Structure formats: C-alpha cells, structure tokens
Amino acid sequence: MKIAIHINGGRPDSWLAALPEALRAAGLGADVSVWAPGDAQADFAISWSPSPAFMAEQAAGLQALFSVGAGVDHILGVPGLPDSLPIIRVEDAGMGAQMAHYVSWAALRHLYGFDTLQAAQRERRWTSRLFAEADRCTVGVLGMGVLGEQVAATLDGLGFAVRGFSRSARDPQAYIPGVQHMDASHGLDAFLDGLNMLVLLAPLTRETQDLITLAVLRRTARPSYLINVARGALVVDSDLLAALDEGTLAGATLDVFRTEPLPESHPFWTHPKITVTPHISAKTVVSTSATQIAGKIAALTRGEAVSGVVDRSRGY
Ligand code: NAP
Ligand code: GLV
C-alpha cells in the first residue's frame, strides 16, 4: 500500500514521523512518503489544501483523500477533484478540548471585562467592576457538530446559558443536559434572538458563506459579542465593522479570516474592539489524528464503512 502526504504550504515532517508507526499499530504495512510531482500512484493521500498539480496526477487513482483538518473547504474547491473520491476529515482527535478552552477564554474574558481591567492596570487605576453573572449571559453556538457540542457542554459547565443551532434536529430527551438545541425548523432568527454572545463553529459551505451580515448581528441582544473560530468567510467583514461601530457588537474575537495570514493592511488588526489570533483555536494533534486516520485506512481495506466521510451535497 502506498500513502502520499501532501501538506501544501505546510510542514509534512510530523506526519511523516507519526503515520508509519500508526499504520503499523493498525496492522498495516505501507510505503509512506511526501508527494512529489511524477511519483507513482498512491492508494490513499493525507492532505491540506491540495494543489491542482497533485489533483491532476493522483486524485483519480486514490481510494480516499484524508483532510488533516476538521474542515474540508480547503479541498472541495480545488480543480480536478473527482466527484466520486471519498474525502474523509479528522474528527476531534484532540481539537475539541482546545476549541472548548479557546472559546471559554474568549467568553470569560468578555464577561468579566478583563480588557478593561488590563487597561486600568496600565494607568495604575484601581477600578471595581460589577460581578458578572454567567447564567444571565446567553451564548449561542452556531454549528453543533463534533467541536460545537464540546464547546457548548464546556460553556454550560462554566454556568453560561447555552443554545446551539445545527441544520438537523436533535432528540431533546437525549441531548446535552442544560443546552437548548435549535435547528432550521425553528429558524435562525429564533436562535439569534436575545443572544449575548455568538460563537461560529459551522463549516464553510454554500449555505454558510456570508451568512453573518449586519442584519443577522442586529437580531442578537445589543450589544452582543462575536467569537469566530469556524472560517472567516462566514462573516461579511464590512458588516462586522459596521456592527462594532454602531454598537450592535461590543467586540469580537476572531481566529479565522477570509485571507490568511490576515493581510497587514486589514482593519481588523488595529480595531480597538477586535482581538485577532492566527488560526490557532484548535490545531490538529498529529499523533492522535495519525492514529485515527490509520484506523480508518485499515477499516476501508477490510471493506468496512468509516465515519467522517464528507457529504458532497452538503459541503461538509
Ligand atoms: P462537524 O462535526 O461537521 O459539525 C458541523 C456543524 O455545523 C454540524 O452541527 C452541522 O449541522 C452544522 N451546520 C452545517 N451547516 C450549517 C448551517 N447552514 N447552519 C447551521 N449549522 C450548520 O464539524 P466540526 O468538526 O465540529 O468542525 C466545524 C468547523 O470548525 C470546521 O468545518 C472548520 O471550518 C472549523 N475548525 C476551525 C479550527 C480552527 O483552528 N479555527 C479548527 C478546527 C475546525 P448538522 O449537525 O445538522 O449536520
Ligand atoms: C482547521 O481549521 C481545521 O479545519 O481543522
């Protein structure tokens, strides 16, 4: 079996180190190498943002293409992707805990006004603030998948009032205790209504691209707070700036952007109400992800079905 690693624009070293051992542990012998143009056909590939040249040479002969991330938008738009090629993503493998920590940090920081306290410290000013009440702060998580559900459960554990929104329905009797779930049948407006914080954790698809407009943000409680850890293109940048300027939003913590790295000239860098982090809210943990991918390759070679296969019609 031949496995190609193709981390376009990134470093393949850690995958090259982890994958052969993970495959051995799954009972598979394989030739694992970093793809170079002209290489022999691989059976499976592991990739981030595959190049059109890789697609042209390898895609048609692959049994499956694994995304090294949870998202797959970096694969779906690449020219030359065959309709029939299964794309399989990383499911959690350590990302959920990181995401829950990041969102909790951003939410608590805003709730307790730690920015204001830091500014006061810089001026040696002793300032007392009202005690913040998490249970009076309703946080909405848009995208209650593998990561969103862990974020919602963690926020619930911290005492926030938590609401989640997905495309499809959940059984309220068997759902995360304390978390209210809504779906398309309730409508997005019902989910947004009265939210003090909005967390974006839905994939970038035809449906979610440019979903977060000024009109959408105005449906939340005024002023609310935005945390985007999904993809930059869910949000209309100019509408986010307008929402901050008119007081619809008190602030935003943004980990993802339409163009990454965020261009030096972008207004988000210097906006006083925006916190920018460089797409670090949940990094792929290579060791556990390699184990997960190796397990799925072993299952596929036995003819078994695996989870995490992208539904092309939905786009995630
Ligand atoms: P997932 O398990 O596929 O969950 C996606 C969730 O979004 C599902 O609950 C899905 O609804 C919901 N959804 C899809 N389309 C929607 C729509 N139009 N409106 C409302 N909800 C919608 O994905 P995941 O593993 O949780 O990851 C989510 C995203 O996080 C990834 O796609 C990626 O973009 C982002 N991410 C970012 C980082 C980072 O470092 N910033 C790291 C990892 C992942 P259903 O449950 O009904 O299907
Ligand atoms: C990171 O953004 C991922 O999709 O895993």
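For the structure, see preceding data.
Attention here is on the structure that accompanies the text. (Residues numbered from 1 in each chain as written. Chains lettered and ligands numbered in written order. Predicted model: local features only at pLDDT ≥ 70, side-chain atom pairs only at ≥ 80, totals over all residues. Heavy atoms only, no water.)

Brief notes about the packing of helix H1 (residues 13–25) against helix H10 (residues 286–301)
One way to put it is that H1 packs onto H10 with a least axis distance of 8 Å and a crossing angle of 45°. On the basis of their axis angle, the class for H1 and H10 is oblique. Where H1 crosses over H10, the two elements pack in a sense that is right-handed. In this structure, H1 contributes Ser14, Trp15, Ala18, Leu19, Ala22 and Leu23 to the contact, and H10 contributes Val286, Ser289, Ala290, Thr291, Ile293, Ala294 and Ile297. (Axes fitted to C-alpha atoms, helices over the stretch in contact; angles between N-to-C directions. Helix = DSSP H or I, 4+ residues; strand = E, 2+ residues; numbered from the N terminus. Parallel < 35°, antiparallel > 145°, perpendicular 65-115°, else oblique. Left-handed = near helix turned anticlockwise from the far one by under 90°. Contact = heavy atoms within 4.5 Å.)

Considerations on H10
For H10, spanning 16 residues, the distance from its first C-alpha to its last is 22 Å, which sits close to the expected 22 Å at 1.5 Å a residue. The complete set of buried residues in H10 reads Val286, Ser289, Ala290, Gln292, Ile293, Ala294, Lys296, Ile297, Ala298 and Ala299. Tucked into the core, H10 has its buried residues touching strand E1 (2–7), H1, strand E3 (44–48), strand E4 (64–67) and strand E5 (87–88). Gly303 sits one or two residues past H10 and shows a positive phi near 85°. (Expected span 1.5 Å × (residues − 1). Buried < 20%, exposed > 50% of the residue type's maximum accessible area, 1.4 Å probe, protein only.)

Looking at the pairing of strand E2 (residues 31–34)
Where E1 meets E2, four bridges bridge the pair, whose relative direction is parallel. Its bridge partner lying in E2, Lys2 is registered against Asp31. Handedness of the crossover joining E1 and E2 through H1: right-handed. (Pairing = 2+ DSSP bridges. Right-handed = clockwise from strand over helix to strand, strands pointing away.)

Remarks on the nonpolar core
Among the nonpolar cores identified, the biggest contains 56 residues, and Trp15, Val141, Leu155, Phe160 and Ile227 are the most heavily contacted of them. Discounting residues that sit within four places of it in the chain, Leu155 has contacts with Val103, Ser104, Ala107, Val139, Val141, Phe160 and Val162. If you look at the next biggest cluster of nonpolar residues, it comprises 28 residues, including Leu192, Leu195, Leu234 and Phe257. (Core = buried A, V, L, I, M, F, W, Y, C linked by side-chain atoms within 4.5 Å.)

Observations concerning the side chain of Thr138
By the secondary structure assignment, Thr138 is in strand E6 (residues 138–142). Residue classification places Thr138 among the buried residues on the basis of a relative accessible area of 17%. Apart from the residues lying within four places of it in its own chain, the contact partners of Thr138 are Ala161, Arg163, Gly194, Leu195, Asn196 and Met197.

Remarks on the pattern of salt bridges
Scanning the model with the defined rule gives 16 salt bridges in all. The residue Arg170 makes a salt bridge to Glu149 at a minimum N-O spacing of 3.5 Å. Remark: Glu149 occurs in helix H6 (residues 146–157) and Arg170 occurs in the loop between strand E7 (161–166) and strand E8 (179–183); sequence separation between them is 21 residues. Residue class for Arg170 comes out partly exposed when judged on its relative accessible area of 27%. Glu149 sits in the partly exposed class, given a relative accessible area of 26%. (Salt bridge = Lys/Arg side-chain N within 4 Å of Asp/Glu carboxyl O.)

Details of the sheet that holds E5
Across a sheet, strands are paired by hydrogen bonds formed along the backbone, either parallel or antiparallel in direction. Judged by pairing direction, the sheet is parallel, and its five strands sit side by side in the order E2-E1-E3-E4-E5 without closing on themselves. Only two strands of the sheet have a single partner each, and these edge strands are E2 and E5. Sheet strands touched by H10: E1, E3, E4 and E5. Its angle to E4, the strand with the most contacts, is close to 165°.

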